[in-house]
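Survey of secondary and tertiary structure
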Amino acid sequence: MSGRVVATLRRVGLSLLGPAIAVAVAMAISAVVIALIGEDPLEALEVMVDLGETPRAEVQSIVVIFNRAIPLFLSGLAVSIAFRMGLFNIGVEGQYRLATLVAAAAGAAVVLPAPLHVLFVIVVAMAVGAGWAGIAAVLKVTRGVSEVISSIMLNAIALGLAAYLVVGPFRGSAETASIVSTTPLPESAHVPPLTGLLTGLGLAEPRSELFGFLVIALVVGVLVAVLLARTRFGFDLRATGLSPSAASASGVNARTMTVKAMLLSGAVAGLVGLPQLLGSTYVYSTEFTAGLGFTGIAVALLGRNNPLGIAVAALLFAFLDRAALPLQSIDIPSSVVTIIQGTIVLSVVIANEVARRLARRSAEREAAAVTGAPPDPGSGSAPGNGPDGTQRVGATLPETTEPRA
Amino acid sequence: MAAPGGPPAHEGEGERSAAPAVELRGITKRFPGVVANRDIELRVRRGEVHAIVGENGAGKSTLMKTLYGEHRPDEGQILVDGREVSFRSPSDAIAAGIGMVHQHFMLADYFTVLENVVLGSEPTRGGRLDRAAARRRITEISERYNLGLDPDALVEDLGVGDRQRVEIAKVLYRNARILILDEPTAVLVPQEVDELFGNLAELKREGLTVIFISHKLDEVRRVADSITVIRRGTTVGSADPRTTSTRQLAEMMVGSELPTPETRTSTVRETPVLTLSSVTVAGIGGRAPVEDVSLTVREGEVVGIAGVEGNGQAELVDAIMGLRPLSGGTVSFLGDDITTWSTRARREAGIGFIPEDRHRQGMLLEAPLWENRVLGHQTRPPAAKGWFIDRRSARADTERIMQQYDVRAPGPDTLAVALSGGNQQKLIVGREMSAGPRLLVAAHPTRGVDVGAQAVIWGLLKAARREGLGIVLISADLDELIGLSDSLHVMLRGRLVARLDPDGVTPEDLGGYMTGARTAEDAA
Amino acid sequence: MRGARMGKTGLRATALLLAGSLALVGCASDDDGGDDGGNGGGDGELRIGLAYDAVGRGDRSFNDSAYAGAQAAVDQLGGEVQEFTPNEDGSDRAEGLANLAEQGYNPVIAVGFAYDETIAEVAADFPDTTFAQVDGANELPDGTSKGDNVTGLLFAEEEGSFLAGVAAALKSPTGHIGFIGGVESPLIQKFEAGYVAGATAVNPAIRIDVQYISPAGDFSGFNAPDRAEDLADVMYGDGAEVVFHAAGGSGTGVFAAAVTAGKLAIGVDSDQYNTVDDEAQKAVIMTSMLKRVDNAVEAFITEFEAGDVQGGTDVLNDLSTEGIALSTTGGQIDDIQTQIADYTQQIVDGEIEIPTTP
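Here the structure is a predicted model, which is why all the values come from computation and not from measurement. (Residues numbered from 1 in each chain as written. Chains lettered and ligands numbered in written order. Predicted model: local features only at pLDDT ≥ 70, side-chain atom pairs only at ≥ 80, totals over all residues.)

1. Things to note about the confidence of the model for chain A
For chain A, per-residue confidence averages 83 on the pLDDT scale, and residues scoring 70 or more make up 87% of the total. For the stretch residues 372–405 of chain A, pLDDT sits under 50, and the model shows 64 contacts to residues farther than four places along the chain or on other chains. (pLDDT = per-residue confidence, 0-100. Contact = placed C-beta atoms within 7 Å.)

This is how it looks when you write it as structure tokens:
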């Protein structure tokens, strides 16, 4: 029993080691980059971890980090669901943009009591995201089109479609407005902020509101984690990801699973824009935050497709994003942050592979320790005590023909 | 049988040449945590066929990789023709006159024999491939060693035996004087084996040295001049094939007494478990891989299907498991027509499956053992409870399987990839048996597993058969097929061409049917 | 079971990590506490916060122009400029603005209409800071004000575009010209409307090809020279003799196509004759529609320093204030200066009404 615990601890240790090394390597590379552009890396680090001078500024920074991390978490989660079954949903970008737009427009068009209104917007967004991802899935299972290709194409279409819809039928802003947007969602569709929770904890009141969607994101994260790790559905999904051939031999219908996984991934992708939609802008506009779907791929990689890991990765990305602001005040361009993020992801991909091999080797070593040196006298690999020992006692060799010389 | 421990001794015959062609002294090779080879002592005389035998996993491949320069030993010396050498890569080994014929051919299908042979060491004239020179060399080699190769034939059109001769020619073309053949007979039918042995005799006659790796002891005894036995990473002794019986050799290999696949008392009952009627599977253009196959498996019956690989056995298995749609015919199981059932429904109804390629279809290598216990049974207890995977029961049941079926691993949380082939296979067999199937589709159930595990698996199959399990057995191991089956079909080009009585058939006869040299009329 | 244990370990690790970083944070802010006191109180020094749009400084367009204006003001009045460039997806615009204000920069000037969504909120949080927004009116389209401390620095792009249209029509004997917009947004449509009106005023039968690189909401059109070049190639191939671009960084593609076709192009925002390095491209840039963001920014800062900024209003930069003009570098429109001056006068006098939407 304790052996198992030790083995598990070692495995967990190895799985944390990868990202930790990766972050360290990325930091070192970034330090070199900062030094190369003639700035002081240590000062940069100091500025990055300095959340602010006043308690209020510190809390504000934390709020900014969380508000940024929530959509990144959802996006990473969406990508990871597909990843876990070996699908690359590069289309989260298009899925969330379209989903947010349609949900914003639909939400503004109906009158409902508060909780139902929020639920309605969420359901619409998930349905649109799932539907859009479903196109890629259906193309894959019926026509064999790679979901990578189709979802890239669907991204382009979604962007164009969203642009058309927001300028055309869903336009709610005045003709003269520079930023074209949908009609604002009524009060009943707003998700109340969690700022009260922070002040309730005795923290200073931040300037911005902490997105209430945090709670929903956490619930979604837990649900997805349980679904993947504990349910039959999750097992089928993961098995297909590990080995499609073994999964289908075990009775998993690969086509159905592809469709289900993509729908699920798309549904979660549909939520990506909602923290902002329901927590701060209340409209979808031509200026709505773009690129979250692509960043989500990096977050999923960094988080090793594990919901908890993705949460940590999203926080790290958000932390670095926030650091871009103070860095600029010491004349370090914000692109340095992009470099750090890029190198982290790259190092993580490499480190994950190294960690995977180490884990594998350590597992092999454990197994060898058991099978390699049994105290069984005389015969290491001789037949042991099977369920039917008598079969092997006094058995004779198959008599075959004699050598022909 | 010589005394184990000491190096193979042939001092008495040393007049022919002062130094052996290859000598390994105290070779030890460690991988992290594992000693793959330990104190290996090997002496191969020039001009002999020297067999190295041992179970799978005994360390033969590691040893040969050391000799071929694919990795360096941690301790010990390698001597070629009496001179100590140190290989940093296979090209060093080739330069020293050592060539390797791999078990899995490394040929480009759409290249000609000539192109394949010269690939990587092309003779050039003015920067272009000098085909004339190459053709001369190859023809010369082919004639000298009686390989019968046509330099312009496309490899795609060649049979397995010919391909192997191309591999041999490739090695000879690079001036190898010492050839390592890794399990060369594993892919051959008996007739092709005879041809190979003819070729080896030619090589020997020309003074070349052959190191022949195998675990098929009868073959080894036929072809080898001397034998070195490896067990658990070290040389345990040498044997003279003329004075050592197959059984004695096997016992040296395993270190104990041996099992047999034979089942002599029939346990066949009346009730049919599986009935295939005119099953046809459509191919992607061209010939149907399975055509008009009808057979019945009854309770307690093992129905063996023999055939050279690629004659439709894999597709037939897929058709029974519901992994491939039928284009004609029906499959019924315990009276139900299951032709249109999904794989999952079939498994739930009581069909167990030991796939041909356990890595591809039988296991999740990167997953722990208990998850592999769940695989294929994810809708049934103990693996599942409602919509959830029952981790606790699955783990407990994995521990039970490990104990009962002798799966050697640290625990249910070990990754499947860490296990040896035999232990993986025992886990698969245990898992499939644990669900209490009525029919077991077993494709190559003992392929690539060591003798010990093979015995366990045979025992399990026999016990289950006695309990009334119907088994479809597909195997390339003809002894296994003949020994286990109650009735035996031969599959050739997608059809069942002969039905034989396993009691009266020899592997040679069976080989004749498999290659189409004999037909059903002969059998009747 | 494994997952659960992993989960707990992971949680503990996260907690440790968080604790560690909080400790770091604590140290860092302690360190900084000391030297910061001197910064906040200073009154005399002019400290300008400049928040850019998208790519930031180095765009050879209006971000650079804004910087030039701020720098000119600093040269005159002393002080410093602190810049802020938003991240790639623009999600930190609000935070960037607020950050500048929080650090005591005053005035804070936001460049680009993209700040429409965020500036009001930030301005409300920092009532003592004076804000200005280039390309954004004080009044939001829904009628609400962005705040009393926000001044809109607006430009009559349609007027300059009208003159560009006039110049293009005069330089096209066959009566065939083109327009390439970066993104089909209301702002760029204003350029199109003015350009079309100016060209048809000269030649009512003129053919004007209009193309946008990307639809509204997709800002890639401002930075896609290759796509701009493709579009311009087609226009020139169809017979257009002059193409006016309002496509930011994509403009170089239009110039390249003009060089290939041996025809003319009109630049935008800054004097692009000076921003391109290639002599061949200079030769095809007939003129540029200047949007003097630099002047507007400099003027605003000067006013601020003088204490004349009222706030809550807009400053309109148009032909009359010379906030908008056609460049003459290269001398290619010298021959039509009389006609241009004539139209300019009519616009300034209000005799010509220019539409702002196509």
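Text resumes after the structure shown.
2. Points about the pairing of strand β18 (residues 351–354) of chain B
Residues and elements named next belong to chain B. By the alternation rule, side chains of β18 split into I351 and F353 and G352 and I354, which are all buried. Two elements, β18 and strand β21 (residues 439–443), share four bridges in a ladder whose sense is parallel. Note that in β21 the partner of G352 across the bridge is L440. (Buried ≥ 20, exposed ≤ 12 C-beta atoms within 10 Å, placed from the backbone. Helix = DSSP H or I, 4+ residues; strand = E, 2+ residues; numbered from the N terminus. Pairing = 2+ DSSP bridges.)

3. Here we look at the sheet that holds strand β11 (residues 314–317) of chain C
All names here are of chain C. Strand order in the open sheet formed by six strands is β2-β1-β3-β4-β5-β11, with parallel pairing between adjacent strands. With partners counted over all chains shown, the strands left at the sheet margins are β2 (80–84) and β11, one partner each. On average, each strand axis in the sheet is tilted by 20° relative to the strand beside it, whichever way the strands run. In terms of strand pairing, strand β3 (residues 108–111) meets strand β4 (residues 131–134) through four bridges, oriented parallel. Looking at the pairing, I109 lines up with A132 of β4. Against the sheet, helix α11 (residues 293–306) engages β1 (47–51), β3, β4, β5 (150–155) and β11, with an angle of about 170° to β4. (Axes fitted to C-alpha atoms, helices over the stretch in contact; angles between N-to-C directions.)

4. As for the nonpolar core
Counting residues in each nonpolar core, the largest one holds 381 residues, and the members touching the most others are B:V441 and C:I109. For this core, the leading source of residues is helix α3 (residues 55–84) of chain A, giving 17 residues. If we skip the residues at most four places from it in the chain, C:I109 touches C:I48, C:G49, C:L50, C:A51, C:A66, C:A70, C:A132, C:V134 and C:V297. (Core = buried A, V, L, I, M, F, W, Y, C linked by C-beta atoms within 7 Å.)

5. Observations concerning the packing of α3(A) against helix α11 (residues 254–269) of chain A
Axis angle and axis distance: for two packed helices, these are the angle between their axes and the distance between the axes, and together they describe the pair. Residue and element names in this part refer to chain A. The geometry of α3 relative to α11 is characterised by a closest axis approach of 8 Å and an angle of 175° between their N-to-C directions. With respect to each other, α3 and α11 are oriented roughly antiparallel. Residue-level contacts link L74, S75, L77, A78, I81 and A82 of α3 to A261, M262, L264, S265, V268 and A269 of α11. Residues of the contact of α3 with α11, tallied by class, amount to ten nonpolar, two polar and no charged. (Parallel < 35°, antiparallel > 145°, perpendicular 65-115°, else oblique. Nonpolar A, V, L, I, M, F, W, Y, C, P; charged D, E, K, R; others polar.)

6. Details of the domain arrangement of chain A
Residues and elements named next belong to chain A. When cut into domains, chain A gives domain 1 (1–39 + 332–366) and domain 2 (68–330). Inter-centroid distance (C-alpha atoms) of domain 1 to domain 2 is 26 Å. Of the residues lining the interface, 14 residues belong to domain 1; the matching set on domain 2 comes to twelve residues. Elements represented by at least two residues in the side of domain 1 that touches domain 2 include exactly α1 (2–36) and α15 (335–372). When residues in the side of domain 1 that touches domain 2 are grouped by element, the largest group, nine residues, is from α15. For the side of domain 1 that touches domain 2, a count of residues per class yields nine nonpolar, four polar and one charged. (Domains from an automatic or database assignment.)

7. Considerations on helix α17 (residues 507–515) of chain B
Residue and element names in this part refer to chain B. Within the span of α17, buried status applies to P507, L510, G511, G512, Y513 and M514. Each element contacted by the buried residues of α17 is listed here: α6 (190–205), β15 (302–306), α16 (478–484), β23 (487–492) and β24 (495–500). Where α17 ends, the next residue or the one after it, G516, has phi of about 85°, a positive value.

8. Notes on the pairing of β15(B)
Residues and elements named next belong to chain B. Of all five residues making up β15, five are buried, and the element is well covered by its neighbours. Here β15 shows a buried face lined by V302, G304 and A306 and a second buried face lined by V303 and I305. Relative to strand β22 (residues 470–474), β15 runs parallel, the two being bridged by four bridges. Each residue of the ladder has a partner; that of I305, found in β22, is I474. Direction of pairing for β15 relative to β23: parallel, over a ladder of four bridges. The partner of G304 across the bridge, within β23, is L488.

9. Observations concerning the confidence of the model for chain C
All names here are of chain C. Overall, the prediction assigns chain C a mean pLDDT of 84, with 87% of residues at 70 or greater. This model gives residues 1–42 a pLDDT under 50, and the stretch forms 27 contacts once residues within four places in sequence are excluded. Interface confidence for the predicted complex, expressed as ipTM, amounts to 0.77; the pTM equals 0.75.

10. Topic: unusual backbone geometry
Here the amide bond leading from B:P381 into B:P382 is cis, since omega sits at 5°, within 30 degrees of zero. Here B:P382 shows up in the loop between α12 (369–374) and β19 (384–385). C:P107 follows C:N106 through a cis peptide bond whose omega is 5°. Among the structural elements, C:P107 can be located in the loop between α3 (93–102) and β3. The phi dihedral of B:D292 is positive, around 50°, even though this residue is not glycine. The topology assignment puts B:D292 in strand β14 (residues 290–298). We note that C:E322 has phi near 60°; this positive angle belongs to a residue other than glycine. Structurally, the position occupied by C:E322 is in the loop between β11 and β12 (324–326).

11. Some thoughts on the UniProt feature "transmembrane region" (unreviewed entry) in chain A
Residues and elements named next belong to chain A. The residues that UniProt annotates with the feature "transmembrane region" (unreviewed entry) are residues 12–37, 57–83, 95–112, 118–139, 148–167, 210–229, 261–278 and 336–355. Across residues 118–139 one finds 100% helix and 0% strand; the C-alpha atoms that close the span lie 32 Å apart. Measuring from the first to the last C-alpha atom of residues 261–278 gives 26 Å, for a span that is 78% helix and 0% strand. (UniProt positions renumbered as here; feature names shortened; annotations may be inferred.)

12. A look at the sheet that holds strand β10 (residues 209–214) of chain B
Residues and elements named next belong to chain B. Across the sheet, which stays open at both edges, the six strands sit in the order β6-β9-β10-β3-β11-β12 with mixed pairing between neighbours. Every interior strand has two partners, whereas the edge strands, β6 (98–101) and β12 (234–239), have only one. Each strand of the sheet is rotated relative to its neighbour by a mean of 20°, with strand direction disregarded. Here strand β11 (residues 226–231) pairs with β12 via five bridges, running antiparallel. Bridge pairing in β12 links R231 to T234. Along the sheet, helix α1 (residues 60–67) makes contact with β3 (49–53), β6, β9 (178–182), β10 and β11, crossing β9 at roughly 150°. Contacting β6 and β9, helix α5 (residues 160–173) crosses the sheet at an angle of about 165° to β6.

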